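# A structural walkthrough
Below are the chains, spelled out letter by letter.
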Amino acid sequence: MGNDYDVLIIGGGVVGSGIARELSHYKIRIALLEKEFDVSFGTSKSNSGIIHAGFHSLPGTLHARLSVEGNRAFDRLCEELEFPFERRGSLMVAFSEEEMQTIHMYYERGRKNNVPYMEFLSRAKTLEMEPNLNPDLLGALYAPSTGIICPYEFCYALVEDALQNGLNLFTQEKVVRIRRGRPRTNVRGSAEASGRGRGHPVEVETEKGSRFSGSFVINAAGVYADDVARLAGVANFKITPRKGEEYLLDRRVANLVRRVIYPVPTPISKGLLVIPTVDGPVMVGPSAFDVESKTDHDTTYEGLKAIFEHAQKMVPSIRTTDIITSFAGLRPVATGDDFIIGPTKMKGFINAAGIQSPGLTSAPAIAEMVREILLKEGLKLELKADFLARRKGIVHIRKAIEERKFEKVEEAIRADKDYAKLVCRCENVTEAEVSEAVKRGHTCMDAIKFMTRAGTGRCQGGFCSSRIMKIIESKTGTPLEKITKKGPGSELLLLPLSKGGV
Amino acid sequence: MKLNVDALVIGAGPAGLGAALSLKENGIEDILVVDREDAAGGILLQCIHDGFGLHRFKEELTGPEYAERDVRSARENKVEILLRTCVVDIINDEGLITAILLSEEKGLVRVETKALVLAMGCRERNRGNIAIPGSRPAGILTAGFAQKMMNMFGHAPGREIVILGSGDIGLIMARRLTWEGSRVKAVVEAQAYPGGLNRNIVQCLHDFDIPLYLSHTISRITGTGRISSVEVTPLEHGNFAPPGKRFSLACDTLLLSVGLIPENELSLRAGVVLDQATGGAVVDSNLMTSVPGIFACGNVLQVHDLADSVSEEAGYCGTAVARYLRGETKKAREVPLKTGNLVRYVLPACAEAGKEALISFRPISPAQDVVLTVRTDTEELLRKKERKVFPSIMHRIRIPRVPETAAYLEVSFASEEK
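Calculation criteria
- Residues numbered from 1 in each chain as written.
- Chains lettered and ligands numbered in written order.
- Predicted model: local features only at pLDDT ≥ 70, side-chain atom pairs only at ≥ 80, totals over all residues.
- Helix = DSSP H or I, 4+ residues; strand = E, 2+ residues; numbered from the N terminus.
- Rg over C-alpha atoms; globule rule 2.2 N^0.38 Å.
- Buried ≥ 20, exposed ≤ 12 C-beta atoms within 10 Å, placed from the backbone.
- Pairing = 2+ DSSP bridges.
- Axes fitted to C-alpha atoms, helices over the stretch in contact; angles between N-to-C directions.
- Contact = placed C-beta atoms within 7 Å.
- Nonpolar A, V, L, I, M, F, W, Y, C, P; charged D, E, K, R; others polar.
- Domains from an automatic or database assignment.
- Core = buried A, V, L, I, M, F, W, Y, C linked by C-beta atoms within 7 Å.
- Parallel < 35°, antiparallel > 145°, perpendicular 65-115°, else oblique.
- Left-handed = near helix turned anticlockwise from the far one by under 90°.

Along chain A, the regular secondary structure elements total 14 helices and 23 strands. Taking 23 Å as the expected radius of gyration for a compact globule of 502 residues, we find that chain A reaches 23 Å, a close match to that expectation. Expressed as lengths along the three principal axes of its C-alpha atoms, the size of chain A is roughly 70 × 70 × 45 Å. Residues counted as buried form 56% of the 502 residues belonging to chain A.

Helix and strand counts for chain B come out as eight helices and 29 strands. Seen along its three principal axes, the alpha-carbon backbone of chain B occupies a region of about 65 × 60 × 40 Å. Counting over 418 residues, chain B shows a buried share of 50%.

So, about the sheet that holds strand β19 (residues 253–256) of chain B. What holds strands together in a sheet is hydrogen bonding between their backbones, with the strands either parallel or antiparallel. Residue and element names in this part refer to chain B. In spatial order, the strands read β10-β19-β12-β13-β14; together these five strands make up an open sheet with parallel pairing. At either end of the open sheet lies a strand with only one pairing partner, and these are β10 (140–142) and β14 (212–214). Strand-to-strand twist in this sheet, taken as the mean axis angle between neighbours without regard to direction, amounts to 20 degrees. Relative to β19, β10 runs parallel, the two sharing three bridges. Of the residues in β19, the one forming a bridge with T142 is L256. In the packing of helix α5 (residues 168–179) onto the sheet, contacts are made with β12 (160–164), β13 (183–189) and β19, and the angle to β13 comes to roughly 170 degrees.

Attention shifts here to the interface of chain A and chain B. Size of an interface, as often reported, equals the accessible area lost when the parts are brought together. Counting from both sides, the interface comprises 41 residues of chain A and, opposite them, 39 residues of chain B. The dominant element in the side of chain A that touches chain B, judged by the number of residues it contributes, is strand β18 (residues 323–334) of chain A, at five residues. Looking at the side of chain A that touches chain B, its residues break down into 19 nonpolar, 14 polar and eight charged. Where strand β23 (residues 495–496) of chain A meets strand β11 (residues 155–156) of chain B, two bridges bridge the pair, whose relative direction is antiparallel. Bridging across to β11(B), L495(A) finds its partner in A156(B).

Here the focus is the domain arrangement of chain A. Residues and elements named next belong to chain A. Each domain of chain A was delimited in the assignment, giving domain 1 (4–44 + 152–238 + 336–376), domain 2 (86–145 + 239–332) and domain 3 (398–482). Look at where the C-alpha atoms of domain 1 and domain 3 centre, and you get two points 32 Å apart. In this complex, domain 1 contributes seven residues to the contact, which on the side of domain 3 involves six residues.

The next thing to look at is unusual backbone geometry. Residues and elements named next belong to chain A. Residue P286 is bonded to the preceding G285 through a cis peptide linkage, with omega at -15 degrees. Tracing the sequence through the fold places P286 in the loop between β16 (282–285) and β17 (289–290). In this model, Y117 sits at a positive phi of 60 degrees, which is unusual for a non-glycine residue. Along the chain, Y117 turns up in the loop between α3 (97–112) and β6 (119–122). With phi around 55 degrees, N428 is a residue other than glycine that occupies positive phi space.

For the rest of this paragraph, the subject is the domain arrangement of chain B. Residues and elements named next belong to chain B. When cut into domains, chain B gives domain 1 (2–123 + 261–330), domain 2 (126–258) and domain 3 (336–415). Between domain 1 and domain 2, the C-alpha centre-to-centre distance is 32 Å. Listed per partner, the contact involves four residues of domain 1 and six residues of domain 2. Of the residues that constitute the side of domain 1 that touches domain 2, the class distribution is one nonpolar, two polar and one charged.

This part covers helix α12 (residues 431–439) of chain A. All names here are of chain A. Most of α12 is tucked away: eight of the nine residues are buried. Along α12, the residues that are buried comprise E431, A432, E433, V434, S435, E436, A437 and V438. Lining the buried residues of α12 we find β21 (422–424), β22 (429–430), α13 (445–452) and α14 (465–476). Remark: G441 follows α12 within two positions and exhibits a positive phi of approximately 100 degrees.

Moving on to the nonpolar core. In this structure, V117(B) and F295(B) are the most contacted members of the largest nonpolar core, which totals 281 residues. Look past the residues within four positions of F295(B) in its chain and what remains in contact with it is A115(B), L116(B), V117(B), L118(B), L287(B), M288(B), T289(B), C317(B), A320(B) and V321(B).

This part takes up the environment of R111(A). All names here are of chain A. Relative to the assigned elements, R111 resides in helix α3. Since 13 C-beta atoms lie within 10 Å of it, R111 is described here as partly exposed. With 228 residues separating them in the primary sequence, R111 and F339 have C-alpha atoms 21 Å apart.

Looking now at the sheet that holds strand β28 (residues 395–399) of chain B. Residue and element names in this part refer to chain B. Spatial ordering of the open sheet is given by β23-β25-β28, a layout of three strands whose pairing is antiparallel. At either margin of the open sheet sits one strand with a lone partner, and together these are β23 (343–347) and β28. Each strand of the sheet is rotated relative to its neighbour by a mean of 25 degrees, with strand direction disregarded. Of the strand pairs in this sheet, β23 and strand β25 (residues 357–363) are connected by four bridges, and their pairing is antiparallel. Residue pairing in the sheet places V343 in a bridge with P363 of β25.

Another aspect to go through is the pairing of strand β5 (residues 90–94) of chain A. Residues and elements named next belong to chain A. The buried fraction of β5 amounts to five of the five residues, a majority that puts the element mostly inside the structure. Inspection of the sheet shows β5 paired to strand β7 (residues 139–143) by five bridges, in the antiparallel sense. In the strand pairing of β7, A94 is matched with G139. Bridging between β5 and strand β14 (residues 260–262) involves three bridges; their strand directions are parallel. For M92, the partnering residue across the bridge sits in β14 and is Y262.

Residues and elements named next belong to chain A. In contact at an axis separation of 8 Å, helix α1 (residues 14–23) and helix α9 (residues 359–376) are set at 40 degrees when each is read in the N-to-C sense. Classified by the angle between their axes, α1 and α9 sit oblique to one another. As α1 packs across α9, the resulting crossing turns out to be right-handed. Contacts from V14, V15, G18, I19, R21, E22 and L23 in α1 reach G359, L360, A363, P364, I366, A367, E368, V370 and R371 in α9. Classifying every residue of the contact of α1 with α9 gives ten nonpolar, two polar and four charged.

Here we take up helix α4 (residues 143–153) of chain B. Residues and elements named next belong to chain B. A large share of α4 lies buried, amounting to eight of its eleven residues. If you check which residues of α4 are buried, you get A143, G144, F145, A146, Q147, K148, M149 and M150. At the C-terminal side of α4, G154 shows a positive phi close to 70 degrees.

All names here are of chain B. Here strand β26 (residues 367–375) runs beside strand β27 (residues 380–389); their pairing, made up of eight bridges, is antiparallel. Of the residues in β27, the one forming a bridge with R375 is E380. Here β26 hands over to β27 after four residues, the two strands then running antiparallel side by side. Pairing geometry for β26 and strand β29 (residues 409–415), over six bridges, is antiparallel. Note on β29: the bridge partner recorded for V374 is V411.

It is worth spelling out the environment of A20(B) at this point. All names here are of chain B. Among the structural elements, A20 can be located in helix α1 (residues 14–25). Spatially, the C-alpha atoms of A20 and A74 are 7.8 Å apart, while their sequence positions differ by 54 residues. Setting aside anything within four residues of it in sequence, one finds A20 in contact with V9, I31, V33, A74, V79 and G318.

Once that is clear, we can look at the packing of α12(A) against α14(A). All names here are of chain A. Packing of α12 against α14 brings their axes to within 10 Å, and their N-to-C directions diverge by 50 degrees. Considered as vectors, α12 and α14 are oriented oblique to each other. Relative to α14, the crossing made by α12 is right-handed. Facing α12, whose interface residues are E431, V434, S435 and V438, α14 presents I468, I471, I472, K475 and T476.

Set out below in structure tokens:
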């Protein structure tokens, strides 16, 4: 049976991808099913890209434990998988005596959660570290272990490494049916060794009619995790999408802040932040509004207004005229607020659900926790001797240009002359980088943008889009009118003009 | 690789070619023009409609025809043009100007130059810049990108079109799309008056019965894969009208023609100071920027209405660069230029006492029966009645001789009663 696996993972966000990479260390057959055109296209793509230190979460929760553990794992993961990650540190800034008391409370939380190296900073010290902050502040809680990351490249890196270790990836496969299968009769080869032959597998059917079966099915379906669980007869939780809008600012104001700037939090979110990104530009957001629809990715005037009012309180020189783009993402908030990770009443069906913030931070620890659960549930895990832990990142020349290290650019051109063909002028992305992204299987505009940054700059694709479309056309043979922004239904152009006419 | 030239021109559109030809005419031989595209001509190459060259050639040409004349002259005058080449940096090290090129053919090239002409043109304002709320589907394009797709790639963006903004490119595209069988349902303009030239309103909208909604904007975008509709909202004194007055238009494409931004990121790298009002460099009467040896002309300096006017400015710039290279720009006293009543900007920032001045400016808003005046602190230099003025129409005047004693020059529009 070609589609018979030890573990089926539903959902190719950072959680599912992290689990796939973790499990690909072992001699088992794994498949990852993603309903979108590429991995990371759900909640993960509209993430703030912060690796939280862990002082926000209530002690004793999964949030607290997994975020602190996850945070610790990033140095190793970054080295192995070559995605952008920097420990910039964070400041939670207080503007009143009351807020000063609140940040003390968060210090205590952090201490209980084992967050390392936190300290209180005086007003003067805070302003010395971040001179663009509002001088009305009274002090700040500093957490040096807070990091920033490129969330989609992290996701792509996890999947690429899992792929080179045997993962089977199926995109555009939306799961519509899950049921208890018949007991396996034909047990062969490694299946027996891994325990896959025993008991009833779980059968999964997709919208396209593909069938998969797995001894274990992991539900990492993000905002749709409650719907997927219900397919398996598990109906004990509900996911409420909590929308967050983010606004990206022009590169010319990239040095507004160096660290992640948190306000004192609100009851439902970490508040509206000023966030440096690993690529340079500063982002402000995310708002937090519970919404009805799981497809509501609309940005709003209200969100824009609220975000800038709050952000300007912390960093007064932030301007709406510096906005180059905006987007919204949905946090999957489960009943009870905490993560829901563990076995369910359907044997073999395991939840990794409700992974809202600090989900990105926790992803590595969630993967390890799921591995432990699988072991306990009877999956036999034997390490591969030939596991490939290293994934090569794409060589970007943007930084070398920005830092005026032109020898590095020349070196890249000597290795591949396509580094001399500039595709994206705002972000200095070359044809070599775009071709590499296509080669790695990213063939729509959004995925190439996430992988290379082409199109993320101030002209928002005005210059590079036609060039990228030409590269996709030449590398994959896809005609221009079939090239999409984010998969079928999002074609960029609709009508080839009749040929041969006047 | 390293090169040394007398003048490097960035961009081979009408501005860059115009400056290069003028440099050659003025005896500067050692020049290099670089351009990122496969062919010289700039954005004119995708402007296949006519209406170019009426002032300069007294003929009605298409964009490519207009460009071809400059490209041919450049070839005849042996102007060296390096294509498929992007300038990624300009380093101004104590007066030594070095441009860093990424060239498909030559790789990374360091060009040391005595003078640099910025002629990079402008780019279009996009959705991000105007922050229209809603979802983020495919099918939202700037008008110029749609024009490139249609005229150079042979693909129309869609069938049911709404256009936001009444800039000239949007108007031209309304007609172009209609000709190709798409349906343009509306042009929506936030201002109370059109952004583009009147002749384009008539020839591109009225002739095809395309409705123009002035004082309206788009307040929401809907659609998951591809855009499916927009919400159009009337503006009442700059504020959104209540929901009852809003209406929805189904569409598969939204084109944006909401303004042009001079493409000055490189200029900033070189330390050039920009003017908030034009988005271009602050220049003196020689079109030299705040960095000695760096000049600017065309749409990178100020967004022009007509290619003809770009060419005129570029020719003036080339002459000034040649004078600079020959060491003939010994400066007279600088007289600052000021914006007076109803004037949005005036360019250059200063003129030279005792010399000729070429001044460009635009009104802030449309006005009728006004008097254009140019005056110094003590005398009026020019007085001219204007029946109608529009922000979409740039004014350019020549002051034959700036008075030696002038403390400043002020350009203003006053109502006639005065």
